[in-house]
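# Tertiary structure, described
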Amino acid sequence: MKSPIRVAVTGAAGQIGYSLLFRIASGAMFGPDQPVILQLIEAPIEKALKALEGVAMELDDCAFPLLKGIVQTSDPAVGFKDANWCLLVGAKPRGPGMERADLLKDNGAIFIGQGKIIDAVAADDARIAVVGNPANTNCMIAASQAKRLPAERFTAMVRLDQNRAQTQLAKKAGVDLTAVKDIFIYGNHSPTMFPAFAHATINGAPATSVITDSAWLQGPFCETVGKRGAAIIAARGLSSAASAANALVDHVRSLVTPGAIHSVAVKSEGRYGFDANVWAGMPVRTTTPGSYEVIEGYAMDDFAKSKIAATNKELAEERAFVASMIS
Ligand code: NAD
Ligand code: LMR
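Remember, it's a predicted structure, so these values are computed and weren't measured experimentally.

### A short note on the site of ligand 1
Around ligand 1, the structure places 28 residues, and the nearest of them are Gln15, Glu42, Lys92, Val131 and Asn133. Separating a nitrogen atom of ligand 1 from a backbone N or O atom of Gly11 is a distance of 3.3 Å. Ile16 places a polar main-chain atom, nitrogen or oxygen, 3.0 Å from an oxygen atom of ligand 1. Here ligand 1 has 870 Å² of accessible area as a free molecule, and 85% of this is covered by the chains. Elements with a minimum of two residues in the shell around ligand 1: α1 (15-26) and α4 (104-121). Here the element with the most residues in the shell around ligand 1 is α4; it accounts for three residues. Residue assignment places the shell around ligand 1 across two domains, with domain 1 (5-156) and domain 2 (159-326) each supplying three or more.

### As for the pattern of salt bridges
With the rule as written, the count across this model stands at eleven salt bridges. The salt bridge involving Asp33 is made with Lys2; its shortest N-O contact spans 3.6 Å. With Asp33 in the loop between α1 and β2 (36-41) and Lys2 in the segment before β1 (5-10), this pair connects stretches of sequence that are 31 residues apart. A salt bridge links Arg164 to Asp161; the nearest nitrogen and oxygen atoms lie 3.7 Å apart. Within this pair, Arg164 and its partner Asp161 are both found in helix α6 (residues 159-173), separated by three residues, close to a single helical turn.

### Quick notes on the domain arrangement of the protein chain
For the protein chain, the assigned domains are domain 1 (5-156) and domain 2 (159-326). Between the C-alpha centres of domain 1 and domain 2 there is a distance of 22 Å. Listed by partner, the interface residues are 42 residues for domain 1 and 45 residues for domain 2. Summed over both partners, the interface of domain 1 with domain 2 comes to about 3400 Å²; 65% of that surface belongs to carbon and sulfur atoms. When residues of domain 1 are sorted by the area they lose upon contact with domain 2, Arg100, Asn136 and Met140 head the list and together hold 19% of the total. Our count for the contact surface shared by domain 1 and domain 2 stands at zero salt bridges. Joining domain 1 to domain 2, the criterion identifies 14 residue pairs in polar contact (both at pLDDT 80 or more). Those elements giving two or more residues to the side of domain 1 that touches domain 2 turn out to be α1, β4 (85-88), α4, β5 (127-130), α5 (135-144) and β6 (154-156). By residue number, the principal contributor to the side of domain 1 that touches domain 2 is α5, which donates seven residues.

### Remarks on the packing of aromatic side chains
Within this structure, the stated rule accounts for nine aromatic pairs. With 5.6 Å between their ring centres and 75° between their planes, Tyr18 and Phe22 make a pair best called edge-to-face. Of this pair, Tyr18 and Phe22 both sit in helix α1, four residues apart, which is roughly one turn of the helix. Classification of Phe22 as buried rests on a relative accessible area of 15%. Aromatic pair Phe30 and Trp85: ring centres 6.0 Å apart, planes at 55°, arrangement tilted. Taken together, the residues span a long stretch of sequence, with Phe30 in the loop between α1 and β2 and Trp85 in strand β4 at a distance of 55 residues.

Here is what the cut-offs are and how they apply
- Residues numbered from 1 in each chain as written.
- Chains lettered and ligands numbered in written order.
- Predicted model: local features only at pLDDT ≥ 70, side-chain atom pairs only at ≥ 80, totals over all residues.
- Heavy atoms only, no water.
- Near = heavy atom within 4 Å.
- Polar contact = N/O pair within 3.5 Å; in protein donor to acceptor, adjacent residues only side chain to side chain.
- Areas by Shrake-Rupley, 256 points an atom, 1.4 Å probe, with all protein chains shown as cover.
- Helix = DSSP H or I, 4+ residues; strand = E, 2+ residues; numbered from the N terminus.
- Domains from an automatic or database assignment.
- Salt bridge = Lys/Arg side-chain N within 4 Å of Asp/Glu carboxyl O.
- Contact = heavy atoms within 4.5 Å.
- Buried area = accessible area lost by both parts, 1.4 Å probe.
- Phe/Tyr/Trp six-rings, centres within 6.5 Å; stacked < 30°, edge-to-face > 60°.
- Buried < 20%, exposed > 50% of the residue type's maximum accessible area, 1.4 Å probe, protein only.

This is the structure in structure tokens:
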């Protein structure tokens, strides 16, 4: 039996937390032979901490063989202690009529403190995945606080967008979901994101040779994926939760699976024309568990370049807006 890894989760009693923790404890995130200790962090609010107690009771009641311990705390210094993975979910979700960037002022501040504490107390091999919105910029804020952990360990989630895009292409082409491959998300987790359909394949053929309606690809397809979060809020009255938790399972599972190719928001370092210091979605290949290399060199046509320029502009504006939060 492997020794357990410590997985810290913020916002553990929230909507996403409720769909996420049971998947982690069942082995879906780290594999069926990897025991875990869950370190559950909630805001210091009585109601949230009480709800967390209930979630921990339910985790106990599942009798998951891989779950070797549960920590419940509102103290991030306790919750992130020796954590190998820090899953930063805890933050306000947006409501109807808001954009994710509207959350920056309130949520950004959370990631200053958490970035500092993670850097101080998490394990030497700690990896951080940010879900709380606006995820790319919150991730950048957290990473900017770190002096010990390198920036590439901080990733933000655009996997939900990749999953959404894959499904939309499969539906349009009338094929099974698994026939669609290599659809990657560039840029911000916001309506400006770019699902690069020109590189996708359907049953091994270029997606653009199967779906020849380029007006649909450039218009409704990009819009549907970009605005899917708002559509779910309008329908459910709450932001996506189960699909977001599922995407985080996919994000981390792919990051610990060598050879996996998937979309992750990472420090751009100037790749694909993004500003060097923003966190932008792009395709990566996992090299060793937890480490990855960015796949460079996908050719971009004029349409793709204009979409990337627009999402980069938004990321740069968000960065300027939180300049005082960046160390
Ligand atoms: P929620 O309100 O149901 O739960 C959030 C939880 O976080 C609450 O229990 C709250 O008490 C807790 N929390 C707040 N501040 C905290 C802190 N400083 N430390 C620890 N916990 C804290 O919200 P949710 O639906 O679970 O969504 C959480 C976040 O994820 C939101 O910002 C939402 O917009 C975002 N989200 C991102 C994606 C994505 O694809 N990146 C998808 C869906 C949702
Ligand atoms: C989503 O994409 O569903 C989430 O980011 C929630 C939101 O605010 O859209």
